[in-house]
Amino acid sequence: MPRIPRAEALLPTRALPAASLPCDGGVGPRRARGRLPRAHVERRPKQPHRRRGPQAPRGPQAMELTQDPQLYRMRHSLAHVLAQAMQRYRPGALLGFGPPVDDGFYYDFILPEPISEDDLPALTKLMEEIVKERQEFHYEDLPAEEALARLRAMGEPHKEEYCRELIEKQGLETIRFYRNGPFVDMCEGPHLEHTGQLPKGCFKLHSIAGAYWRGDERNVQMTRVYGWCFKDRKQLRAYEKAREEAKKRDHRKLGKELDIYVIDAEHVGKGLPLWLPAGAVLCDELEKLAREWEFQEGYERVRTPHLTRGTLYRQSGHLDLYRESMFPGMHLPDEGGERPEDAYYLKPMNCPHHHRVFAARPRSYRDLPLRLAEYGTVYRYERSGTLQGLTRVRGMCMNDAHIYITEDQITSEFVRVMELHRRYYELFGLSGYHMRLSLWDPDDPKGKEKYVDDPENWQKTEDLVRRAMQEVGLPFVEVKGEAAFYGPKIDVQLKTVGLQEFTISTNQLDFAVPPRMGLKYVAPDGSEQVPYCIHRAPLGTHERFVSFLIEHYGGAFPTWLAPVQVRLLPIAERHLDYADKVCAALRADFVRAEVDRSSERFGKKIALGRTRKIPVLLVIGDDEVAQEAVTVNRYGIKEQRTLPVEAFRAQLAREIRARAHAKTWEDIDRLD
RNA sequence: GCCAGGGUAGCUCAGCGGUAGAGCAGCGCAUUCGUAAUGCGCAGGCCGUGAGUUCGAAUCUCAUCCCUGGCUCCA
C-alpha cells in the first residue's frame, strides 16, 4: 500500500509570498472542456527549457487561463485540494496530473477502489473542509536526486516518471514541491496563499472520466475527476447557466425537435445519419450555395463513385498512411487477388478520384489552375466511442474541391481560397473562428506511419502556406503534428455557442500525392511538370456544417435556409381557399410554403409555428381576404405588417435571393 | 477501443421485487376561433436484447447492443 505523504516529516517549509510569484504565462493545459474540443493541442512544449509543473504536459497558449492569474491560482490550488480530499476518501490513491483548465481543474488518479459520480458530493464535502482549514501553500525546490528520492518515498511512480523526464529531457536542476496541510505535490505553482482564499461556492465537481496517463492510450487509464471553478458562486452559476443554454441549442436535441435527422443505429448503422426532409433541405441549400459561388470562382464540377479499387489507394498512399480510417476492403468474387489493393474500398477521400480526373487527359499549363469541385460522400471508419450526433460520423458529404496549380500559383490561389472562406463566413455571420496552420511534426515518434517522408518538401510547403496566410492577413496560430499525411493544413477552428471548439473547414497544400500518382502538365517550355494541389473544403461536410448551423442559429434559420419558409395560418375554415391560393403562388416562386389545415384555435397555430421556428407566419382572416393581402408575422420580430400578396412575394423573393439574415423589418426594407 | 453514467409509448420523463404510468405528439368527435397551446374520447410499450436469480423481474446478476460525458483519434 503506497503511503500518503506526511508532509510535515518531509518538508522544511517556507512561506510563499503569493503576490511576488510570477504568473507563468505559458504553462499548463488550457483546453476547453466542451463536448468536442479535440486535438488542437500540441504534443510537446514549445519552449523545452521552460520549467514545467506536474500539469498535463501539453503546450502553452493558456490564454484564457493566464489572463487572470488569481483565477489560475484558485483552479490550480483546487486541484491540490481535490487530490488531498481523494487521498482521504480513497487512501492509497496514486496521483497523475492535476492542472487547471479553461473552466476549472481536474486531477487524475489511480484508485484502489473505483468511484462513481455518486461519490462526488462526499468528495466535495471533504474539499470544503480543507478549504475551511485555511491550509497555507508552501514550496521548496529540491535538487534533482532528492526530488526523485522523495517521490519514490511517497510511492508516486507516475510523478517519479515525469520528474525523471523533467530532469533528463528538459534539464531541470531543481524540482519544486508544494505543500498545503498534509498534502505534498510536485508542482510548479503558482498557488494561493492559503485555501481560505477560495470563496464558498466557487467550485463544483461535475464529472468523472477515464484518461490515459500522459494522454497515450497505450498507458494505464486513470480516473479523472473534473471540477468547474470560477471567481465566486455567482460566476460559477452564470457559467452553469450558459452551459444549460448551450444544451438547449444542442444540434442533437434540436435535430430531433425539428425533424432534421435521425441516426438509426440498429437498422442503418452508427454514425450513418438519415437526413429527414427538413435536413435534406438544409443540405440542398448549402450545395446550391456552393455550386453558385464555386461557379463564379471558376470551379468545374465532377462526380465520382463511392466505391473504388484499392489500386488507386495504393498509389495515392492511403493504403499505407490512412488505412486505419478506412472501412475494410471488399474482395469481389469475380476478381481474384488477395492483396489489399485487389479489394474495393468505400472512399475515405475524394482527392484520388479527382487526381484521376486530372489525369484523364493530357494537361497543359494553360489548364491551370484547374479547379475540380464535388460535394462528394466519403466514408471513414471512426472508432465507436468517437461518434457523436452529426459532428462525428462515419459517412459524410464534403464540400470538396481540388485545385491543380503550378508552384508559382500557390500563393495567389491560396489567397483566393481563403477569400472564399471569408465570404462564406460573412454570409453565416461567423466571427468566433481562428485559422490554424497545422504542421508536420518531425519529432513525432509515429511520424513515419502518419506522414509522407519528405522533410524538404514539408519545409518548403509550410513556408509557402505561411507566406500565403500572411498575405491574406488572416491571423492564425501554428500547431505541430496536425498536418494531413500529404501536406500542411489550414484548419478553421470554430468556437460554437455550445462552448466547444472544432474544425469547421480544412484546406491543405499537397506536394506528395500528385507526384505519387504521376500527375503531369506540359509547361510553356514543353517540359513535363508535376502540379501542386490545394485541397479545400470551406463548408466542411454537410454533417458537421449543418450541426454547427443548427446550434449557431438555435434552429431559427434565416429564410433562405429554413426547411419551411412560410406557413399560412387561416383563422377560420372559410379562409382556407384563399390560403391555398396564396400558398400555391408562393410555391410557384419555389418558396417552401405550407398551409396549417388543422382545426386548432388560432393561438395554437401561432404557438406551433413558433416552436417550429418558421421564419414567416402569414395570418389569413377576413381582412386579408378582402384586401388580397397577408399579415406577416416574422420569427423574432414583434411588429406585424399587412402587405398586398404581390408585395409580399416580391419582398420574400428578394430576401431569399440575397440569402439575407433579416432580424428586423429594417433589414428587410433595406433589401428593397 | 478505453473509463464513468444511462436505455420504460414517436418525444420528455416517473416507477426501481408483486397486474406498466403521466404530459406532449398521433388518431376520432365536438369546436372555426385574430396572435404562445379548446374540450372529450381512443389508440400506442416483450420496460434495448439475451441468459440467469426468484413463487414472481422494468426493478437484482451477468453478457451484449446502443446512447451520453470524458480519454485516444479525426472533417
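Q: Just checking my understanding: could you explain the overall build of chain A for this structure?
A: For chain A, the helix and strand inventory stands at 22 helices and 27 strands. By the burial criterion, 56% of the 672 residues in chain A qualify as buried. Of all intrachain contacts in chain A linking residues separated by at least 6 positions in sequence, the fraction that spans at least 24 positions is 73%. Summed over all atoms, the accessible surface of chain A reaches about 29,700 Å², with 50% contributed by carbon and sulfur.

Q: Just to check I follow, could you spell out helix α4 (residues 120–132) for this structure?
A: It helps to recall that an α-helix has 3.6 residues per turn; residues three or four apart then point in one direction. In this model, α4 (13 residues) spans 18 Å end to end at C-alpha, consistent with the 18 Å of a helix rising 1.5 Å per residue. Listed as buried for α4 are L120, L123, T124, L126, M127, I130 and V131. The buried side chains of α4 occupy one side of the element, clustering within an arc of 160° when seen end-on. Turned more than 90 degrees off the buried face of α4, the exposed positions are P121, K125 and K132. Contacts made by the buried residues of α4 are with α3 (69–89), β3 (104–110), β7 (203–212) and β8 (221–229). Note on α4: the residue one or two positions beyond its end, R134, has a positive phi of about 50°.

Q: What should I look at first to understand the sheet that holds strand β4 (residues 137–143) in this one?
A: Adjacent strands of a sheet pair through backbone hydrogen bonds, lying either parallel or antiparallel. With respect to topology, 3 strands assemble into an open sheet ordered β4-β5-β6, the strand pairing being antiparallel. The open sheet terminates on both sides in strands that have one partner only, identified here as β4 and β6 (183–186). Sheet twist, expressed as the mean angle between neighbouring strand axes with direction ignored, is 25°. α3 contacts β4, β5 (174–180) and β6 of the sheet and is inclined by roughly 125° relative to β6. Its contacts with the sheet place helix α6 (residues 157–168) against β5 and β6, and it is angled at close to 40° to β6.

Q: Honestly, the nonpolar core in this entry has me stumped. Any pointers?
A: If you look at soluble globular proteins, the nonpolar side chains tend to sit buried side by side. Counting 90 residues, the largest nonpolar core has I260, F414, M418, F428, L549 and F557 as the members making the most contacts within it. Discounting chain neighbours no more than four positions away, the residues touching F557 are I260, L282, L549, I550, A562, P563 and P615. Grouped together as the second largest cluster of nonpolar side chains are 34 residues, M74, F109, L126 and F137 included.

Q: Sorry if this is basic, but what is going on with the packing of aromatic side chains here?
A: Note on aromatic pairs: each is described by the distance of the centres and the angle between the planes. Going through the model one piece at a time under the given rule, you end up with 21 aromatic pairs. Ring geometry for Y313 versus Y345: centroids 6.3 Å apart, planes at 90°, classification edge-to-face. Pair noted here: Y313 is in helix α10 (residues 310–316) and Y345 is in strand β13 (residues 344–346), with a separation of 32 residues, a long-range link. Note on accessibility: Y313 and Y345 belong to one class, buried. Each member of the aromatic cluster is reached from another via a ring pair, and the members are F428, F545, F548 and W560. Sitting over the face of the ring of Y106, R224 holds its NZ or CZ atom 3.7 Å from the ring centroid.

Analysis parameters
Residue positions are given per chain, counted from 1 along the sequence in the order it is written. Here chains are named by letter from A upward and ligands by number from 1 upward, in the order in which they appear as written. Given that this is a predicted model, residues contribute local features only at a pLDDT of at least 70 and side-chain atom pairs are listed and counted only at 80 or more, while totals for whole chains, interfaces and linings are drawn from all residues. As a rule here, side-chain values come from all non-hydrogen atoms in the structure, and water together with hydrogens is ignored. Counting from the N terminus, the helices are DSSP H or I runs at least four residues long and the strands are E runs at least two residues long. Think of it in three bands: residues with accessible area under 20% of the maximum for their type are buried, residues over 50% are exposed, and the middle band is partly exposed, with areas taken using a 1.4 Å probe on protein chains only. By definition in these notes, contact holds between two residues if any of their heavy atoms fall within 4.5 Å. Where accessible areas are quoted, they stem from the Shrake-Rupley method and a 1.4 Å probe; at the residue level, only the protein chains shown are allowed to cover. To estimate how far a helix should extend, the number of its residues minus one is multiplied by 1.5 Å. It is the directions from the helix axis to the C-beta atoms that the arc portrays. We call two strands paired when DSSP finds no fewer than two bridges between them. What counts as an axis is a line fitted to C-alpha atoms, over the stretch in contact for a helix, and the angles between N-to-C directions run from 0 to 180 degrees. Residues enter a nonpolar core if they are buried and are Ala, Val, Leu, Ile, Met, Phe, Trp, Tyr or Cys, with the set joined through side-chain atoms within 4.5 Å. Each Phe, Tyr or Trp ring (for Trp, its six-membered ring) is paired with any other whose centre lies within 6.5 Å, and the angle between the two planes then decides the class: stacked below 30 degrees, edge-to-face above 60, tilted in between. To sit over a ring, a charge needs its Lys NZ or Arg CZ within 6 Å of the ring centre and within 35 degrees of the ring normal.

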